[in-house]
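Each chain, written out:
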Amino acid sequence: GAVVSQHPSWVICKSGTSVKIECRSLDFQATTMFWYRQFPKQSLMLMATSNEGSKATYEQGVEKDKFLINHASLTLSTLTVTSAHPEDSSFYICSARDLGLAGVHNEQFFGPGTRLTVL
Amino acid sequence: QQQVKQSPQSLIVQKGGISIINCAYENTAFDYFPWYQQFPGKGPALLIAIRPDVSEKKEGRFTISFNKSAKQFSLHIMDSQPGDSATYFCAASRGGNNRLAFGKGNQVVVIP
């Protein structure tokens with residue numbers, strides 16, 4: 001149980017285009033999902049917290065107009081990188097918190113990540 | 001500001017040996033301390049986690065030791081195997097906000 005999927009697993013796009021990444025909780029409902037980015041050999045940096053049915057909360061320094069987050073259902077959150085540039089190339093990872101795990105509210109389950117390369 | 005500091009940066013261990021990774025945190029409000037294992041090109045996977053009301057937790061070959069007064073916690077990997085070669089991240093979060101603060105990571109290499 002507690003599986004989180006991401007699609008696509010990798011994407012290559014041209015500079016200036018937009019890319020959408022999906023994050024799904026497959027066997028549980030997630031009121032909260034988190035989006036991270038990770039550069040090679042570095043740690044995970046939290047970009048935003050996504051709550052179902054409400055606006056995402058962005059971390060300091062993350063452009064909300066560039067990284068659009070939508071959490072339309074309890075099992076799906078999307079991250080859209082708008083007008084992507086080479087410096088946006090990174091590994092994007094989502095995680096989800098299981099609504100049903102009462103008492104274990106801190107546990108997050110991570111997706112497999114999406115490798116974005118902007119040419 | 002790094003809220004969770006991890007050491008050492010990298011570790012080479014002989015097969016069968018013990019891998020020990022340490023983390024220190026600043027925020028005394030943290031109440032959840034997980035360790036994640038990440039293989040190249042994959043998302044992190046939860047290995048083991050501890051809360052501050054216990055000093056040690058063991059799951060199979062993995063043990064967390066927690067020292068609340070020193071604001072430190074460590075991961076011990078017993079009988080290390082080549083398949084344990086990965087990057088390990090400690091993290092911490094508090095209360096209901098669930099925002100995880102990650103350490104910088106530690107690359108463990110287990111040589112046969």
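Just above, that's the structure.
The model shown is predicted, which means the values in this text are computed figures rather than measured ones.

**Regarding the overall build of chain A**
Then comes step 1: Helix and strand content of chain A: 0 helices and 11 strands.
Then comes step 2: The secondary structure elements of chain A, listed N-terminal to C-terminal, are β-β-β-β-β-β-β-β-β-β-β.
Then comes step 3: A compact globule built from 119 residues would reach a C-alpha radius of gyration of about 14 Å, and chain A, at 14 Å, matches this within 12%.
Then comes step 4: Here the C-alpha coordinates of chain A stretch approximately 45 × 25 × 20 Å along the principal axes.

**Things to note about the pattern of salt bridges**
Residues and elements named next belong to chain B.
Then comes step 1: All chains considered together, the criterion is met by 5 salt bridges over all chains.
Then comes step 2: For glutamate 59, the salt bridge goes to lysine 57, with nearest N and O atoms at 3.6 Å.
Then comes step 3: With a closest N to O distance of 2.8 Å, arginine 61 and aspartate 84 form a salt bridge. Taken together, the residues span a long stretch of sequence, with arginine 61 in the loop between β6 (56-59) and β7 (62-67) and aspartate 84 in the loop between β8 (72-77) and β9 (86-92) at a distance of 23 residues.
Then comes step 4: In this structure arginine 61 comes out as partly exposed when scored by relative accessible area, which is 27%.

**What to know about the interface of chain B and chain A**
Then comes step 1: Across the boundary between the two partners, chain B contributes 22 residues, which contact 21 residues of chain A.
Then comes step 2: When the area that chain B buries against chain A is broken down by residue, the three leading residues are B:Pro44, B:Asn98 and B:Arg99, summing to 32%.
Then comes step 3: Inspection of the chain B/chain A interface yields 1 salt bridge.
Then comes step 4: Its salt-bridge partner being A:Glu59, residue B:Arg99 comes within 2.5 Å of it at the nearest N-O pair.
Then comes step 5: Connecting chain B to chain A are 4 residue pairs in polar contact (both at pLDDT 80 or more).
Then comes step 6: Here the side of chain B that touches chain A is built from residues that sort into 7 nonpolar, 9 polar and 6 charged.

**As for the state of the cysteines**
Then comes step 1: Counting across every chain of the model gives 2 disulfides over all chains.
Then comes step 2: Here A:Cys23 pairs with A:Cys94 through a disulfide, and the sulfurs are 2.0 Å apart. Given an S-S torsion of about 80°, the disulfide between A:Cys23 and A:Cys94 has right-handed geometry. Pair noted here: A:Cys23 is in strand β3 (residues 19-25) and A:Cys94 is in strand β9 (residues 90-97), with a separation of 71 residues, a long-range link. Side by side, A:Cys23 and A:Cys94 carry an identical accessibility label, which is buried.
Then comes step 3: Here B:Cys23 engages in a disulfide with B:Cys90; their sulfurs sit 1.7 Å apart. Every disulfide takes its handedness from the sign of the S-S torsion; for B:Cys23 and B:Cys90 that torsion is -85°, giving left-handed.

**Structural notes on the sheet that holds strand β8 (residues 76-81) of chain A**
Residue and element names in this part refer to chain A.
Then comes step 1: In space, the 4 strands of this open sheet follow the order β1-β3-β8-β7, with antiparallel pairing throughout. With partners counted over all chains shown, the strands left at the sheet margins are β1 (4-7) and β7 (67-73), one partner each. Within the sheet, the average angular offset between the axes of one strand and its neighbour, ignoring direction, is 15°.
Then comes step 2: Across 4 bridges, β1 lies against β3 in antiparallel orientation. By the bridge assignment for β3, valine 4 is matched with serine 25.

**A closer look at unusual backbone geometry**
Then comes step 1: Cis geometry is adopted by the peptide bond preceding A:Pro8, which originates at A:His7 and carries an omega value of 0°.
Then comes step 2: Here A:Pro8 is to be found in the loop between β1 and β2 (10-13).
Then comes step 3: Positive phi is not limited to glycine here, since B:Lys71 has a value of about 55°.
Then comes step 4: Within the secondary structure layout, B:Lys71 lies in the loop between β7 and β8.

Criteria and cut-off values
- Counting of residues starts from 1 at the beginning of each chain's written sequence and follows it residue by residue.
- Written order decides the labels, with chains lettered from A and ligands numbered from 1.
- Confidence filtering applies because this is a predicted model: local features only for residues at pLDDT of at least 70, side-chain atom pairs given and counted only at 80 or more, and all residues used for totals across whole chains, interfaces and linings.
- Calculated side-chain values reflect all of the structure's heavy atoms, with hydrogen atoms and water omitted.
- Helix and strand definitions follow DSSP, with helices as H or I runs of at least four residues and strands as E runs of at least two, each counted in order from the N terminus.
- Only C-alpha atoms enter the radius of gyration, while the globule expectation follows 2.2 Å times N to the 0.38, with N the number of residues.
- Salt bridges, as used here, are contacts in which a Lys or Arg side-chain nitrogen is within 4 Å of a carboxyl oxygen on Asp or Glu.
- Categorising residues by exposure relies on relative accessible area from a 1.4 Å probe, with only protein chains included: less than 20% of the type maximum marks a residue as buried, more than 50% marks it as exposed, and the intermediate range marks it as partly exposed.
- The contact criterion used throughout is that any non-hydrogen atoms of two residues lie within 4.5 Å.
- By definition, the buried area sums, over both parts, the 1.4 Å-probe accessible area that each loses when the two are put together.
- Nitrogen and oxygen atoms within 3.5 Å of one another constitute a polar contact, given that in protein one can donate a hydrogen and the other can accept it, and given that sequence-neighbouring residues count only through two side-chain atoms.
- For this classification, Asp, Glu, Lys and Arg are treated as charged, while Ala, Val, Leu, Ile, Met, Phe, Trp, Tyr, Cys and Pro are nonpolar and the rest, including Gly, are polar.
- Our working definition of a disulfide is a cysteine sulfur pair at a distance within 2.5 Å.
- For two strands to be treated as a pair, DSSP must find at least two bridges joining them.
- To obtain each axis, a line is fitted to C-alpha atoms, and for helices this fit is confined to the stretch in contact; angles are then taken between N-to-C directions over 0 to 180 degrees.

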